[in-house]
Amino acid sequence: MSSKQITVALVGNPNTGKSTLFNALTGLRQKVGNYPGVTVARKSGRCDCGDGLKVELVDLPGLYSLAAASPDEQVVTDVLLGSLEGSQQPDAIVVVLDVTNLLRNLFLASQLAELNLPLALVLNQADIAHEQGLKIDTQLLSQRLGGVPVVLTSAWKGEGIASVRRAIAEVLNKKTKMTQLTWPSQVESALGAIVQAIQTDTGQAPSSADAQRILFSSNAHTSDRLGWSQPQRESIVRQARDQVRAAGYNPMAAEPLIHYAHLRKVLEGVIAGGTGKQGNAAALDRVLLHRVIGPILFIGIMLGLFASVFWLAKFPMQWIQSGVDFLKAMIAPALVNTPMLQSLVTDGIIAGVGAFLVFLPQILILFLFIGILEDSGYMARAAFIMDRLFSWCGLNGKSFVPLLSGFACAIPGLLSTRTIEDPKARLATAFAVPFMSCSARFPVYALMCAAFIGPLYGPGWESVVMVGMHCVGLLFAVPTAFVLTRFVLKVKPQPFVLELPRYQMPKPSDVLWRMWQNAAEFVSKAGTVIFAMTIVIWALCYFPRDAQMSDRIKAAEPTLSEHEIQSRTQAAMIEQSWMGRFGKAVQPVFDPCGFDWKITVGVLASFPAREVIVSTLGVTYSIGKGAEADSQHLRSAMQEAKWMDGPRKSTPIFSLAAVLALMVFFALCSQCGPTIATLAQETGGWKWAAISFFYMTILAWVMAVVVYQVVIRLI
Amino acid sequence: MTPLSQLLPGQFGKLVSLNPDQAVDQRLMALGLLPGMALKLVRRAPLGDPVAIEFGGQVVSLRLAEAESLIVDVAADCPVQRPKNTP
Ligand SMILES: Nc1nc2c(ncn2[C@@H]2O[C@H](COP(=O)(O)OP(=O)(O)O)[C@@H](O)[C@H]2O)c(=O)[nH]1
Ligand SMILES: [Mg+2]
């Protein structure tokens, strides 16, 4: 056999059980990658088909029709046509069908038959069919479709998997193709005319599947790919469509009409029974989608989800944090003679690993919930309930879970945008998620409110400001999404047509497996970037080093205690580090927001992680490392801080205006390295991550200036 | 001849026409909703939109604004196709 890897593609409607079957066929030998240049994940794995035949199995995203509507579906079509650069056409196709809805599922199969590739049909969810009393004559079906293998399976129960392996081996050996339908003669000749014209115009012969895409699809993707230009094709395609119209079909409806008519005949006598149990969806929907009870249950479920991501994850996050601290304390003494290495290892490397590990509990918990919600069938209902609230600004019902999770942490929120099928809504949601007031903003608000708002205006105003700050991000995210979907993203909006599947008990092993895969992907992709960022920031704050610093401080003020010398040294060190110098240099930029150089350094140092501002302020105000939001010393140091020079000389730095400006800045600014890394991972490149970064940061600056300048004039 | 949006929850109808040039209608046709097909408006979402319709043994949610072109005939006394999968 040649060294060329044999690939087999799993194709089918969404929710038919492709991924479940894929897992059953490949076990743990899976790879998750990306198709070149697009965000669609490429899941592949090795499948053993007996007799030493090993094939690469590819799990493609689900789709209903080859007349691709969304860019994601286009990828599937391109992969199958072998026209996606850097990806070879599969050697065979395994179509996975939901046996309880055979007619609809066969529509895609019937389109796939036109690709003229070896093909096998897997009728999945046989257990449900059995429950409903459906009997399928697979032999008759196979016979009607030209002898392609037709296998009945229950991927969920692991039944029939061996026959799928055998079927794959069989189609690869015998190259069995599914019978193609006979087009009405006018349609046939319209297709022929297109093939002819392309051959004349471009010199290459297109497949009949290509001709069908050109004739039946409203987009020009296929023509463009074949290099058949607009002026060349215009009149030909119009004439061909007129021919279809003459046959009595609207050209845009001809394909489903003809396929469905054909399939109704194919299925005659194939299905028997099915009058039995009708499934549980109607009865459960009556409660779960009830006008009053439905939303109440929805809120309850979502509160549970949020509480878990927010509170439950705190414990393992604390363990990770203590683990990191413990490791630092263990290793630090061993490196005490090489301070640079000591700092690199503890504040750079160990902190860098901790920086992305700490997200894992939230990611795992959120994906556990999402897995349960999706597999149980509730997720589609949640989207159904919420869609109205989101549709007007270009998002859809599926944006809710990502945005809600964003209030705990943007990272799991961003990862969960994967559940949104419409690429436009997905990107807009991903863009909105980092605006949600995540838990890392909390310490900043807490410090400012406790140190300034509370003492000056009382606890009532303190809570008002606290709640207000949590809404600021949302206030800006919604119009941003609106503008983005309406005016910026040029992708055609996808209709929100959503199947409400039957309810089902989720299978624990599947849910856990997907939870694990999502986490592993985060660690391998975003994790490395987060790690690298931490090291870079460490270096900026560490270098250059002035070895005599503490001696000089001691000499200047001999009465200082050992602890005070240490704090002063740290403050002086950060002042003359690259970061400190940079902070002083750019302070004029932040001057209109009322930030002095210490705040500016704090702001800059917290670009990788916003909560760092608290400990950075601790260092710059000589409180020492490890200051927390509830540190009394830090609060009083900040309350006493005065401008040293300039027009505001000896007025407090932290005036009400500056405090509010600082909080608004933190509410809006893109100060989270992991978010940027994850955004890049999820949008398939740095473009949107960069746009998000600059947009949020500039917006934050503008709003901070506005707040400062307005408040300072009012009060 | 009634636009789908005017169906009451629980009401049946037969699809008379749709607009094949629209993306929503194309998607619905791929799902098997073709002229002549019986459908039922199962329910509206708690906020009034979207709606869930049932046809060919499946329940699908769509936004009313996007489904404007669906015209149904409610006069015909047609039950939603049962049993499932009967071609
Ligand atoms: N009852 C039953 N459920 C199944 C079967 N195969 C998959 N499922 C469930 O159907 C849902 C969708 O499966 P999945 O593999 O994610 O489908 P995909 O969208 O085609 O990849 C999941 O909840 C599965 O647990 C099966 O054979 N029987
Ligand atoms: Mg899948």
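Residues numbered from 1 in each chain as written. Chains lettered and ligands numbered in written order. Predicted model: local features only at pLDDT ≥ 70, side-chain atom pairs only at ≥ 80, totals over all residues. Heavy atoms only, no water.

Looking now at the site of ligand 1. Residue and element names in this part refer to chain A. Surveying the vicinity of ligand 1 reveals 17 residues, the closest of which are Lys18, Ser19, Thr20, Asp127 and Gln504. In the environment of ligand 1, a nitrogen atom lies 2.7 Å from a nitrogen or oxygen atom belonging to the side chain of aspartate 127. One nitrogen or oxygen atom from the side chain of glutamine 504 is found 2.7 Å from a nitrogen atom belonging to ligand 1. Burial of ligand 1 by the protein chains amounts to 90% of its free accessible area of 580 Å². Breaking the shell around ligand 1 down by element, the ones donating at least two residues are helix H1 (18–26) and helix H4 (126–131). For the shell around ligand 1, the leading source of residues is H1, giving three residues. Of the residues assigned to the shell around ligand 1, the class counts are four nonpolar, 10 polar and three charged. (Near = heavy atom within 4 Å. Polar contact = N/O pair within 3.5 Å; in protein donor to acceptor, adjacent residues only side chain to side chain. Areas by Shrake-Rupley, 256 points an atom, 1.4 Å probe, with all protein chains shown as cover. Helix = DSSP H or I, 4+ residues; strand = E, 2+ residues; numbered from the N terminus. Nonpolar A, V, L, I, M, F, W, Y, C, P; charged D, E, K, R; others polar.)

This part covers the domain arrangement of chain A. Residue and element names in this part refer to chain A. Examined at the domain level, chain A breaks down into domain 1 (7–174), domain 2 (185–248), domain 3 (293–312 + 359–506) and domain 4 (543–714). For domain 3 versus domain 4, the separation of C-alpha centres amounts to 29 Å. With 35 residues of domain 3 at the contact, the number on the domain 4 side is 35 residues. Between domain 3 and domain 4, roughly 3100 Å² of surface is buried when both sides are summed, and carbon and sulfur atoms account for 82% of that area. Summed over the shared surface of domain 3 and domain 4, the number is one salt bridge. Two residues, glutamate 682 and arginine 418, come together in a salt bridge whose shortest N-O distance is 2.7 Å. One can count five residue pairs in polar contact (both at pLDDT 80 or more) joining domain 3 with domain 4. Secondary-structure elements contributing two or more residues to the side of domain 3 that touches domain 4 are helix H19 (410–415), helix H20 (423–432) and helix H21 (442–488). (Domains from an automatic or database assignment. Contact = heavy atoms within 4.5 Å. Buried area = accessible area lost by both parts, 1.4 Å probe. Salt bridge = Lys/Arg side-chain N within 4 Å of Asp/Glu carboxyl O.)

What follows concerns the packing of helix H14 (residues 314–331) of chain A against helix H15 (residues 339–357) of chain A. Residue and element names in this part refer to chain A. Across the interface, H14 lies against H15 with an axial gap of 10 Å and an inter-helix angle of 165 degrees. Between H14 and H15, the interaxial angle falls into the category roughly antiparallel. Judged by the twist between their axes, the crossing of H14 over H15 is right-handed. Here H14 contributes Ile320, Val324, Leu327, Lys328 and Ile331 to the contact with H15, which in turn contributes Val345, Thr346, Asp347, Ile350, Ala351, Gly354 and Leu357. Of the residues belonging to the contact of H14 with H15, the class tally is eight nonpolar, two polar and two charged. (Axes fitted to C-alpha atoms, helices over the stretch in contact; angles between N-to-C directions. Parallel < 35°, antiparallel > 145°, perpendicular 65-115°, else oblique. Left-handed = near helix turned anticlockwise from the far one by under 90°.)

Another aspect to go through is the interface of chain B and chain A. Accessible area lost upon the coming together of the parts is a frequently used measure of interface size. Opposite the 35 residues of chain B that make contact, chain A presents 48 residues. Between chain B and chain A lies a buried interface of about 3600 Å² when both sides are counted; carbon and sulfur atoms form 60% of it. Here Arg27(B) makes a salt bridge to Glu73(A), at a shortest N to O gap of 2.6 Å. At the boundary of chain B with chain A, the tally comes to 10 residue pairs in polar contact (both at pLDDT 80 or more). In terms of residue count, the dominant contributor to the side of chain B that touches chain A is helix H1 (residues 23–30) of chain B (seven residues). For the side of chain B that touches chain A, the class distribution of residues is 20 nonpolar, six polar and nine charged. Of the pairings in the sheet, the one linking strand S10 (residues 498–499) of chain A to strand S5 (residues 58–62) of chain B comprises two bridges and is antiparallel in character. From the neighbouring strand, Glu499(A) faces S5(B), where its bridge partner is Val60(B). (Pairing = 2+ DSSP bridges.)

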